[in-house]
Amino acid sequence: MVEAVLVDLFSLPANLQNNTQGLLRNTLETIEKCSSIPAPFVYVMYCQRQGSERSGEQESLLPALRDFQRLKKRLEVVHSLTTAAALYTVKQRLDEKDLSIIKVILPTLRKDLMKVYIDHLFTAVYQFEFEDLQVASDGENLQTAEPRSEGQTLPTQDVVLIQSEIQMYLESLPSLRGELTILRSSLIPDDTFLHGFTTRTGGISYIPTLSSCNLFSSSKRRDPQVVVKENLRRLANAAGFNPENFHRVKIDHANAVHIMGKTEPDSYDGIVTNQKGVTIAAPGADCIPVLFADPVRKACGAAHSGWKGTLLGVSMATVNAMVSEYGCNVKDILVVLGPSVGPCCYKLPHESAKEFHRIDPKCVRLFDSASPYIDIRRATRILLESGGILPGNIQDDSVTDQNQNVTFCTACHPDKFYSHFRDGSNFGTQIGFISIKD
């Protein structure tokens, strides 16, 4: 069932430009007659000419819109200078209403072009159907939708131009929710390493649970990869690293570790390097982003440690990789636990809690309940110490000076951090990152 209709009048062929009102009128008549739901949301994309006033552009379409009272409150004309800007505005409207099934009515010649824009600005959450912009008095045209085809048919240079247009537009957008903020640990020496933990401010992601510096895109969420890439670019500019030499773990909630420079596994939760200028990172949105630094051997690592990875020993697996690959001494390795869900908020089923109770009974609160509270940070510290990491070389929530604290509870601070536990399935992600300075 179509939830919204997008009419693309942005770049009409020359033979149709003089009949914009007629085309729009016929299209809206067909929508009113044939829509599978009463008065769907309708967005009309229209090119705003350089130097023209938006109000004047909209006035030119008003005669074609006056007769459609049923659609009036659900119809919006979107004027922009570029297709990227117009389509991104439409995406914002769809996201505000949580709409996902969209019919696109457009000139045949624009179809392949529009599919490239959609591939970049939307994720698999959305479903698109395409309809040729034609006069259809009986409404059959709107009912028989062509499914979206896979693969690009445009020349490579056209795709590159579209990518450039999208990037330039996203770079022009203002930052949301304040300035970009990076938390840094005093334990890691800044003369050797560049590192930090991100918060949720200073990016361009606008969906409430993803706003604003979301740094992960997936097929199940509404933030496309191009938006995450722009957020990363802004982070890189603020932090001082090269976003083109950035490597993030491929989460599997296990304990595999990737050695930079060797064959990359399909999935892994730890990553280590001794290459200068290479930034490695681990995401977290309740799970712990853990950073490792050896200032003696000049090596570093990052790990994603959720409850499963904690039990599987992903942090010590990362330490062991640094020892075996780079000759690190375990007593020289510094470990910092980043923002993550705290024992104040995090619960697991009783069966899973038993595993943490075996590590240390203090890792579990209300053990006899159906869903005890779990302290994955304490469990991580205990496993690191038992593996030879010196207690003073671990920074976590045991820090009493709040000015030095980087291990905040993500669930407790909605203004600063994302939280899957708190926000549900369409959640944002922060990261911990580290690199060796040149």
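Positions within a chain are numbered from 1, following the residues in the order the chain's sequence is written. Only residues with pLDDT of at least 70 are given local features in this predicted model, and only at 80 or more are side-chain atom pairs given and counted; all residues enter the totals for whole chains, interfaces and linings. To obtain the side-chain values, all non-hydrogen atoms of the structure were used and water was disregarded.

## Points about the overall build of the protein chain
So, step 1. In this description a helix means any DSSP run of H or I spanning at least four residues, a strand means any run of E spanning at least two, and both kinds are numbered starting from the N terminus. Broken down by element type, the protein chain carries 13 helices and 19 strands.
So, step 2. In terms of its C-alpha atoms, the protein chain occupies a principal-axis envelope of roughly 75 × 50 × 40 Å.
So, step 3. Exposure is judged per residue with a 1.4 Å probe applied to protein chains only, and the accessible area is read against the type maximum: over 50% gives exposed, under 20% gives buried, and values in between give partly exposed. Residue burial in the protein chain is summarised as follows: out of 438 residues, 53% are buried.
So, step 4. Here the contacts in the protein chain between residues at least 6 apart in sequence split such that 70% fall between residues at least 24 apart.
So, step 5. We get accessible surface area from the Shrake-Rupley algorithm with a probe of 1.4 Å; when it comes to residues, only the shown protein chains can shield them. Accessible surface for the protein chain amounts to roughly 19300 Å². Of this, 49% is attributable to carbon and sulfur atoms. The contact rule is simple, with two residues in contact once any of their heavy atoms fall within 4.5 Å.

## Thoughts on the nonpolar core
So, step 1. L87, V104 and L170 are the most contacted members of the largest nonpolar core, which totals 40 residues.
So, step 2. Among the elements that make up this core, the one with the highest residue count is helix α4 (residues 83–96) (7 residues).
So, step 3. Each of two domains, domain 1 (4–49 + 61–136 + 152–172) and domain 2 (182–436), supplies a minimum of three residues to this core.
So, step 4. Excluding residues that lie within four positions of it along the chain, L87 makes contacts with L6, M45, M114, Y117, I118, L121 and F122. Put simply, buried Ala, Val, Leu, Ile, Met, Phe, Trp, Tyr and Cys residues joined by side-chain atoms within 4.5 Å make one nonpolar core. Where each domain begins and ends follows an automated or database-derived domain assignment.

## Brief notes about the packing of aromatic side chains
So, step 1. Under the pairing criterion, centres of Phe, Tyr and Trp rings, with the six-membered ring standing for Trp, must be within 6.5 Å; the plane angle then separates stacked pairs below 30 degrees from edge-to-face pairs above 60, leaving the rest tilted. According to the stated counting rule, one finds 8 aromatic pairs in the structure shown.
So, step 2. Taking 5.7 Å as the distance between ring centres and 85 degrees as the angle between the ring planes, the aromatic pair formed by Y88 and Y206 counts as edge-to-face. Note that Y88 is positioned in helix α4 and Y206 in the loop between β8 (193–198) and α8 (225–239), a separation of 118 residues in sequence. Just as Y88 is buried, Y206 falls in that class too.
So, step 3. Measuring from centroid to centroid gives 4.9 Å for F122 and Y126, while their planes differ by 85 degrees, and the two rings are edge-to-face.
So, step 4. Among the aromatic residues, ring-to-ring pairing joins Y88, Y169 and Y206 into one connected group.
So, step 5. In this structure, K115 is placed above the aromatic ring of F130, and the distance from its NZ or CZ to the ring centre is 5.2 Å.
So, step 6. Throughout this description, the term charge over a ring refers to an Arg CZ or Lys NZ atom that lies within 6 Å of the ring centre and within 35 degrees of the ring normal. A cation sits over an aromatic face here: K416 above F408, 4.9 Å from the ring centre.

## Looking at the domain arrangement of the protein chain
So, step 1. The domains assigned to the protein chain are domain 1 (4–49 + 61–136 + 152–172) and domain 2 (182–436).
So, step 2. Centre-to-centre separation of domain 1 and domain 2, based on C-alpha positions: 41 Å.
So, step 3. If you look at the interface, domain 1 gives 18 residues, while domain 2 gives 16 residues.
So, step 4. Between domain 1 and domain 2, a total of about 1300 Å² is buried, with carbon and sulfur atoms accounting for 54% of that surface.
So, step 5. The salt bridge criterion pairs a side-chain nitrogen of Lys or Arg with a carboxyl oxygen of Asp or Glu, the two atoms within 4 Å. As a salt-bridge pair, E171 and R233 come within 3.6 Å of each other at their nearest N and O atoms.
So, step 6. For the purposes of these results, a polar contact is taken to be a pair of N or O atoms within 3.5 Å, where, inside protein, one atom must be able to donate a hydrogen and its partner to accept one; residues adjacent in sequence count only when each atom of the pair is a side-chain atom. There are 12 residue pairs in polar contact (both at pLDDT 80 or more) connecting domain 1 and domain 2.
So, step 7. For the side of domain 1 that touches domain 2, the elements supplying multiple residues, two or more each, are α4, α5 (111–121) and α7 (156–172).
So, step 8. Under this grouping Gly is polar, as are all residues other than the nonpolar Ala, Val, Leu, Ile, Met, Phe, Trp, Tyr, Cys and Pro and the charged Asp, Glu, Lys and Arg. Of the residues that constitute the side of domain 1 that touches domain 2, the class distribution is 10 nonpolar, 4 polar and 4 charged. Take the accessible area each of two parts loses on contact, using a 1.4 Å probe, and add the two losses: that sum is the buried area.

## Looking at the sheet that holds strand β19 (residues 430–436)
So, step 1. We call two strands paired when DSSP finds no fewer than two bridges between them. If you trace the 5 strands from one edge of the open sheet to the other, you get β7-β8-β19-β12-β9, paired in mixed fashion. At either margin of the open sheet sits one strand with a lone partner, and together these are β7 (182–183) and β9 (246–248).
So, step 2. Bridge count for β7 against β8 is 2 bridges, and the pairing is antiparallel. Counted as the bridge partner of L183 is F197 from β8.

## As for the pattern of salt bridges
So, step 1. The tally for this structure, following the rule as stated, stands at 19 salt bridges.
So, step 2. Notably, a salt bridge pairs R110 with D8, separated by 2.9 Å at the nearest N-O pair. With R110 in the loop between β4 (101–106) and α5 and D8 in strand β1 (residues 4–9), this pair connects stretches of sequence that are 102 residues apart.
So, step 3. Judged by relative accessible area, R110 falls into the buried class, the value being 7%.
So, step 4. Judged by relative accessible area, which is 1%, D8 ranks as buried.
So, step 5. The residue E325 makes a salt bridge to K262 at a minimum N-O spacing of 3.1 Å. Remark: K262 occurs in the loop between β10 (257–259) and β11 (270–273) and E325 occurs in helix α10 (residues 314–326); sequence separation between them is 63 residues.
So, step 6. Assessed through its relative accessible area of 33%, E325 is described here as partly exposed.

## Details of the side chain of R221
So, step 1. Counting through the fold element by element, R221 comes out in the loop between β8 and α8.
So, step 2. Although R221 is buried, it forms no salt bridge, and the closest oppositely charged side chain is D223 at an N-O distance of 7.8 Å.
So, step 3. Within the structure, the side chain of R221 is placed 2.7 Å from the backbone oxygen of F427, a separation counted as a polar contact.
So, step 4. In terms of polar contacts, R221 uses its side chain to reach the side chain of T429, at 3.1 Å.
So, step 5. Other than its neighbours up to four places away in sequence, R221 contacts T123, V125, N214, F216, S425, N426, F427, G428 and T429. Residues scored as charged are limited to Lys and Arg (positive) and Asp and Glu (negative), so that His and the chain ends carry no count.

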